[in-house]
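Each chain, written out:
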Amino acid sequence: MTAAGIARLAGVGRAAVSNWRRRHADFPKPVGGTETSPAFALRDIEQWLRDQGKLAEVPLRERVWQQLVGHPAGAAGALRQAGAVLLLVRDRPAAWKQLRGASDDADLTGVLPAMLDSVLAARLGDDHPVRGLTRESLAPSAALVRATAELAALDGAAEAYAFLLGRHLDANPRQYTLTPPAPAALMAELAAQDGPLGSVLDPACGAGGLLTAAQERAAGQPDAPPLALHAQEADPDLAALTALRLALSVPGAQVRVRAADTLRADAFPELAADAVLVHPPFNERNWGHDELAYDPRWEYGFPARTESELAWVQHALARLRPGGTAVLLMPPAAASRRSGRRIRADLLRRGALRAVIALPAGAAPPNGIPLHLWVLRKPSGSAQPAPQLLVVDTAGPAAGGASGASGREKLDWAAVRATAVDAWQAFDRDGGVEELPGIRRSLAAIDLLGDDVDLAPARHLPPPAAAGGPAELARVRDRLTDTLARTTQLTPRTAPQDTAPQPGPARWPLTTVGELARSGALLLRAGGPGSALPGVPFAVLTDHDVIGALAPSGTLPEAAPSTPAEEPVLVQEGDVVVPVLGGGAIARVVDDTTAGAALGRNLTLLRPDPAALDPWFLAGFLRGTANNRQASSYASTATRLDVRRLQLPRLPLAEQRRYGKRFQDLAAFEEALRLAARLGEQLVQGLYDGFTDGSVAPD
C-alpha cells in the first residue's frame, strides 16, 4: 500500500504519514515501489497503527481495497476476480453459502473456478470477457474472496463493486477516458425521446458509463421493455470490468460485452439496436483505414485516414434498426474538417444527421474544448429524408452554459440539459424549431451543402441581441460615469515635492511573518485540496479570485463514501490571503461577503491577532515590491513566494492602524478602478455589438 492508502486507513492527511516516517524509527520499511512513491506491506502498517493507538479496526472496505492493490495479478486482475465472486454471491446465494463453509483455502479456490464460469456464462453469455479465472489464478485470492463476500453482505453486491471499481478508476485517471455522468445521462435522454429503449449498443464502452445511464433511464420508464445491453471494448481488462459492472447493476437486463477492436472486428454484425450511444476515441490515425476500404458499413462514404470519428458515426448507423437513434460525443473539428465534408453532405442529404448540439468546454474530457453531440437517426425505406438540421449551442451565457461574470466559467448543467432537450423534443416532434438567437435554429439541409459543409452550431446561429439593448447600455454608461467620479474622489493624496522623506524600513525594527507566527501574533495556514461532506457544499476562494478581486468561484470535490472528508480551511473576516505563485505583490483582506469560503490551493492564510496586528497594515506591507522580491524563489517556469520570509516593521498598534487606514483607502481606489475597467469594456463591446447587429443606431 502507498502513503495515500495509509492516510485513508488511519483517517489522516498524507502529510501526517510523512511525519510518522520521519519521527518514528520503528515505522515499517518500504517493501516495494520507488524512492518517491514507496509501497508498504498492509499487515505491517496495520500492526504499527494498532500499536500506536492510531487504528482500532481496519474498515472492511479499506481492507478489500488494499488486498486488491497488493494482489499478484494487479488491481485490475484482482477486481475481475472480486466482481465475479460478487456476482456468484448475489445470483446463487445458496451455492455460495455452501462454498464459504470450506475451512481450507485450497478447497475454496479449487472449487470456485467452475462455479464462477457457470454463473458468468449464465449472466454474460458464453463468449464473455471475464474468462480465465483458473485454479492457479485464484490460488492467492482466498482472503480476497472471503473479504469480498463479507463486503457484499454488508453493502450489497452491486454497491460493493461500484465502490471498488470507482476507487480503481479514480486511482488511474490517466489510464481511462471516462464519460461524466451528466453528459452520459443527457445522451441517453436524447436517444430515448422516441420511446422506451429495448436494446442499446455502445461499441466503445470504456467503463460502461453510457450504458449505465441508459439503464437508469429505462428504469424510470414503467412501460419499457426488457433491456438488452450490448458493448464492445478493445481493452480486455476494461471490457471484463465493464461486463461485471453491468451484470451487477442491471439485474434484469441481458448483458453482452465483448473484448475486441470494434472497427476491425465487429462483435455484433447482425445487431439492429433501438439506440447506439458512443464516446469514441478522438483523432485516431490507426483505426483500420488501410484494411477496411471495402467494408459495407461505409454507406455514406469511405472515411479519410484523419476522420476516424466519421467511421464511428457510420458504424453506429449500421447497427441501428430503421428509425433508431444514435448519439455520439464528437470533437468540434469533426463538424468542419474539409476531409470529411463529403460524408457530412451525404448524412444531411439522406436525413441521417438530425442535430448538432455544442456543449460547454469542461463538460467531458478533453475538458479544454467544447465538444459536440451528434444526434442521428437511421433512415427507413419509406421515410423521406429530413429537410432540416437542428443546431444548438448550450455553451454561451444566453443558454445558461457559463456564468460569464464571475471569473472562471462554471457549468450550469441543469440549464445545459434543458436547452438541449427542449430543442430536440420540439424539433423531433414538429420537424423544426422556433429560432432563439445564439441558442438554437433549424436549417434547411440544402443550405448547408456548400464547399465546406460546416456544421458547427456557432457559425449558423444569429448572435443574440446586445445585452438588454439600448436601455441596458444606458444603464452601464450611467454606472461607469458614477464609478469614474468615485475614482476621482478616491484618488490618493501624495506628499508635496518639497516634503522631507519619512523614516522608512532602514530605521524601523523589522520582523518576519514566520517570527510573528511562532510568537502567536498570527496564525498561518496553507490552502489545500480538502473535500466536502455529501450535501455540505463549500465555495472555494481560488488564487484566481484573489488576484482578480472576485467572489469565490471554486468548489470542493465531494469525498468518496469510503474516504474521510478532509476538513477545508475556512476564511474569516479580517484574514489576509496571499497567493504564493506568479510573482505578483498581492494580499487580500477578507470581508464579510467572502468569509466562510474554503481556502484554495496555492494560497496562504494569515489570521492576525487583533490585539497585536492590524489586518490592513499587515496586507499593505506584504504588497511592497521589494518585500516580495526578497521573499521569492524561482523554479524553471514559475516564481514562488515564501510567505514566512515577508517582512514588516514592528510598530505600535495605533501606528499600524494609521497606516492600515491609508492601505484600506488604496484598496477602495483599486477596486473602483477595476469596476470602471469592467464597465468600460462592457460598454465598448455592447456598442460594437449594437452597431453591428442593428439594435443601436449610430446617431
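Keep in mind that what you see is a predicted model, and the values were worked out from it rather than measured.

Colleague: What exactly am I supposed to notice about the overall build of the chain here?
Modeller: If you tally the helices and strands in the chain, you get 22 helices and 22 strands. Principal-axis analysis of the C-alpha atoms gives the chain an extent of 95 × 80 × 45 Å. When burial is assessed residue by residue, the chain has 47% of its 699 residues classed as buried. Accessible surface, the chain: about 33300 Å² in total, of which carbon and sulfur atoms supply 52%. Between the centroid of the 72 positive side chains of the chain and the centroid of its 76 negative side chains there is a distance of 4 Å.

Colleague: What is the right way to read the sheet that holds strand β7 (residues 320-330) from this model?
Modeller: The nine strands lie next to each other as β5-β4-β3-β6-β7-β9-β8-β10-β11, forming an open sheet whose pairing is mixed. Single-partner strands in this sheet number two, and they are β5 (254-259) and β11 (440-444). Strand-to-strand twist of the sheet, defined as the mean angle between neighbouring strand axes without regard to direction, takes the value 15°. Each of β4 (228-233) and β5 is contacted by helix α13 (residues 236-249), which is oriented at about 175° to β5, the strand it contacts most.

Colleague: How should I be thinking about the pattern of salt bridges in this particular structure?
Modeller: As enumerated under the stated definition, the model contains 33 salt bridges in all. D454 serves as the salt-bridge partner of R459, at 2.8 Å between the closest nitrogen and oxygen. E671 is the salt-bridge partner of R678, the closest N and O atoms lying 3.6 Å from each other. Residue E671 is classed as partly exposed on the basis of its relative accessible area, which comes to 32%. Counted as one network, the salt bridges with shared partners bring together E46, R50 and R63.

Colleague: What's the story with the nonpolar core in this structure? I'm lost.
Modeller: The tendency in soluble globular proteins is for nonpolar side chains to be buried as a group. L120, L190, L277 and L373 are the most contacted members of the largest nonpolar core, which totals 96 residues. In this structure L373 touches L186, M187, L190, V327, L328, L329, A355, V356, I357 and L359, once residues within four positions along its chain are discounted. Listed in part, the 41 residues of the second largest apolar core include A326, L353, V356 and L448.

Colleague: Looking at this structure, how should I read the sheet that holds strand β13 (residues 522-526)?
Modeller: Pairing between the strands of a sheet comes from backbone hydrogen bonds, and it takes one of two forms, parallel or antiparallel. Reading across from one edge, β13-β19-β16-β17 is the order of the four strands in this open sheet, with antiparallel pairing throughout. Strands with a single pairing partner mark the edges of an open sheet, and in this sheet they are β13 and β17 (588-589). The pairing of β13 with strand β19 (residues 603-608) spans five bridges and is antiparallel. For L522, the partnering residue across the bridge sits in β19 and is P608.

Colleague: What am I meant to see in unusual backbone geometry here?
Modeller: Following P365, the chain continues to P366 via a peptide bond in cis, the omega torsion being -5°. Phi is positive for N283, which is not a glycine, with a value near 55°. The backbone of N602 sits at a positive phi, close to 60°, despite the residue not being glycine. Secondary-structure assignment places N602 in the loop between β18 (598-599) and β19. Among the residues examined, N602 registers a relative accessible area of 30% and is labelled partly exposed.

Colleague: I would appreciate a short explanation of the domain arrangement of the chain in the present structure.
Modeller: How large an interface is tends to be reported as the accessible area lost when its parts come together. Under the domain assignment, the chain is made up of domain 1 (181-398 + 411-459) and domain 2 (509-650). On a C-alpha basis, the centres of domain 1 and domain 2 stand 46 Å from each other.

Colleague: How should helix α17 (residues 469-490) be read in this particular structure?
Modeller: Spacing of three or four residues puts side chains on the same side of an α-helix, whose turn is 3.6 residues. Helix length check: α17, at 22 residues, gives a terminal C-alpha distance of 32 Å against a target of 32 Å (1.5 Å per residue), a fit within 8%. Turning to α17, its buried residues number three or more, namely G469, L473, V476, L480, T483 and T487. One face of α17 carries all of its buried residues, which in axial projection span an arc of 85°. In α17, the exposed positions angled more than 90 degrees off the buried face are occupied by D482, T488 and Q489.

Colleague: Can you walk me through the packing of aromatic side chains in this structure?
Modeller: Two descriptors summarise a pair of aromatic rings, namely the distance from one centre to the other and the angle between the planes of the rings. Tallying each qualifying case throughout the model produces twelve aromatic pairs. Among the aromatic residues, ring-to-ring pairing joins W508, F617, F621, Y659 and F663 into one connected group. Positioned above the aromatic ring of F163 is the side chain of R61, whose terminal nitrogen or guanidinium carbon lies 4.5 Å from the ring centre. Residue placement shows R658 over the ring face of Y659; its charged tip is 5.7 Å from the ring centre.

Colleague: Looking at this structure, I do not really get the packing of helix α5 (residues 74-91) against helix α10 (residues 157-171). What am I missing?
Modeller: Packed helices, taken two at a time, are described by the angle between their axes plus the distance between the axes. Interhelical geometry of α5 versus α10 gives an angle of 170° and a closest axis separation of 9 Å. Between α5 and α10, the crossing angle belongs to the class labelled roughly antiparallel. Contacts between α5 and α10 pair A75, A76, L79, G83, L86 and R90 from the former with A157, A160, Y161, L164, L165 and H168 from the latter. Tallied by class, residues from the contact of α5 with α10 come to nine nonpolar, two polar and one charged.

Colleague: Is there a simple way to think about the pairing of strand β6 (residues 273-278) in this case?
Modeller: In summary, the side chains of a regular strand alternate between the two faces of the sheet. The element β6 is largely enclosed, with a buried count of six among its six residues. Note: β6 against β7, five bridges, orientation parallel. By the bridge assignment, V278 is partnered in β7 with L328. Handedness of the crossover joining β6 and β7 through helix α14 (residues 308-318) is recorded here as right-handed.

Colleague: What is the right way to look at the side chain of T212 in this model?
Modeller: Looking at the element boundaries, T212 is found in helix α12 (residues 209-219). Among all residues touching T212, those that are not within four sequence positions of it are R245 and L246.

Rules and cut-offs
Going along each chain's sequence as written, the residues are numbered from 1 onward. Per-residue local features are limited, in this predicted model, to residues with pLDDT of at least 70; the limit for side-chain atom pairs, both in listing and counting, is 80 or more; totals at the level of whole chains, interfaces and linings are taken over all residues. Water and hydrogen atoms play no part in the side-chain values, which are based on all heavy atoms of the structure. Working definition: helices are DSSP H or I runs of at least four residues, strands are E runs of at least two. Numbering for both runs from the N terminus. The buried label applies to any residue whose accessible area, calculated with a 1.4 Å probe on protein chains only, is under 20% of its type's maximum; exposed applies above 50%, and partly exposed to all values in between. Under the convention used here, a 1.4 Å probe and the Shrake-Rupley method define accessible areas, while residue burial counts only the protein chains that appear. Within this scheme the basic residues Lys and Arg register as positive and the acidic residues Asp and Glu register as negative, but His and the chain ends are omitted. A charge is said to be at NZ when it belongs to Lys, at CZ for Arg, at CG for Asp and at CD for Glu. Two strands qualify as a pair provided that DSSP identifies no fewer than 2 bridges between them. Where helices are involved, their axes are fitted lines through C-alpha atoms of the stretch in contact, as for all axes, and angles between N-to-C directions lie from 0 to 180°. Contacts are residue-level and defined by heavy atoms, with any inter-residue pair within 4.5 Å sufficient. A pairing counts as a salt bridge when a side-chain nitrogen of Lys or Arg comes within 4 Å of a carboxyl oxygen of Asp or Glu. In this description, a nonpolar core means a group of buried Ala, Val, Leu, Ile, Met, Phe, Trp, Tyr and Cys residues linked to one another through side-chain atoms lying within 4.5 Å. Here the limits of each domain have been adopted from an automatic or database domain assignment. Helices are assigned an expected span. That span is 1.5 Å times one less than the residue count. The arc in question is traced by the directions running from the helix axis to the C-beta atoms. Pairing of aromatic rings covers Phe, Tyr and Trp, the last through its six-membered ring, and needs centres within 6.5 Å; plane angles under 30 degrees mean stacked, over 60 mean edge-to-face, and all others mean tilted. Placement of a positive charge over a ring is assigned whenever Lys NZ or Arg CZ falls within 6 Å of the ring centre and within 35 degrees of the normal to the ring plane. Orientation is classified from the angle alone, with under 35 degrees giving roughly parallel, over 145 giving roughly antiparallel, 65 to 115 giving roughly perpendicular, and any other angle giving oblique. Here the term charged refers only to Asp, Glu, Lys and Arg, the term nonpolar to Ala, Val, Leu, Ile, Met, Phe, Trp, Tyr, Cys and Pro, and the term polar to all other amino acids, Gly among them. Consider the strands pointing away from the viewer: the crossover is right-handed when the path from the first strand over the helix to the second runs clockwise.

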